[in-house]
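# Architecture and fold: a report
Letter by letter, the chains look like this.
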Amino acid sequence: MHRFTTSLMGALFSISLVTAAVAASSAKVTPITRSERCIDLNRQVDEALETHAAATQVTAAKALQRKGNRFCANKKQAQGIRMLANALKLLGVTPIDPVQ
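Before going into details, it helps to say that this report is about the structure given with it. This one's a predicted model, so the numbers in the text were calculated from it and none came from an experiment. (Residues numbered from 1 in each chain as written. Predicted model: local features only at pLDDT ≥ 70, side-chain atom pairs only at ≥ 80, totals over all residues. Heavy atoms only, no water.)

## Structural notes on the state of the cysteines
Each disulfide is one covalent bond, formed between the sulfur atoms of two cysteines. In this structure the tally under the stated criterion is 1 disulfide. Here C38 is linked by a disulfide to C72, with a sulfur-sulfur distance of 2.0 Å. Disulfide C38 to C72: torsion about the S-S bond roughly -80°, handedness left-handed. Here C38, found in helix α2 (residues 34–51), pairs with C72, found in helix α3 (residues 58–73); they are 34 residues apart in sequence, far enough to count as distant. (Disulfide = S-S within 2.5 Å. Helix = DSSP H or I, 4+ residues; strand = E, 2+ residues; numbered from the N terminus.)

Following this line, the structure appears as structure tokens:
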């Protein structure tokens, strides 16, 4: 019985090491680029415009989205990200940060 318990504990320990290794490797996610963030926020604005079509600030949000997309396209992603995030806020939506 002692030998069975020892081998069972060894197996459980091995499983926990593998689980820890998998968790550690999945924690190393490559950060997203500003260009990818522009794309992600633009998608969020599109979705918010569909679901909040009756919002009073739709016209202003669309204008901010266009301006943000221009900034992103002209290698000024930081300004574009701010514009797109502000467009979401005008619609009453909190920008969703990507999982990292």
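## Side note on helix α4 (residues 77–90)
Its 14 residues place the ends of α4 20 Å apart at the C-alpha level, agreeing with the 20 Å of an ideal helix rising 1.5 Å per residue. Here α4 has its buried residues at Q77, G80, I81, L84, A85, A87 and L88. Looking down the long axis of α4, one finds its buried residues gathered within 155° of arc, a one-sided arrangement. Looking at the buried positions of α4, the neighbouring elements they touch are α2 and α3. (Expected span 1.5 Å × (residues − 1). Buried < 20%, exposed > 50% of the residue type's maximum accessible area, 1.4 Å probe, protein only. Arc of directions from axis to C-beta. Contact = heavy atoms within 4.5 Å.)

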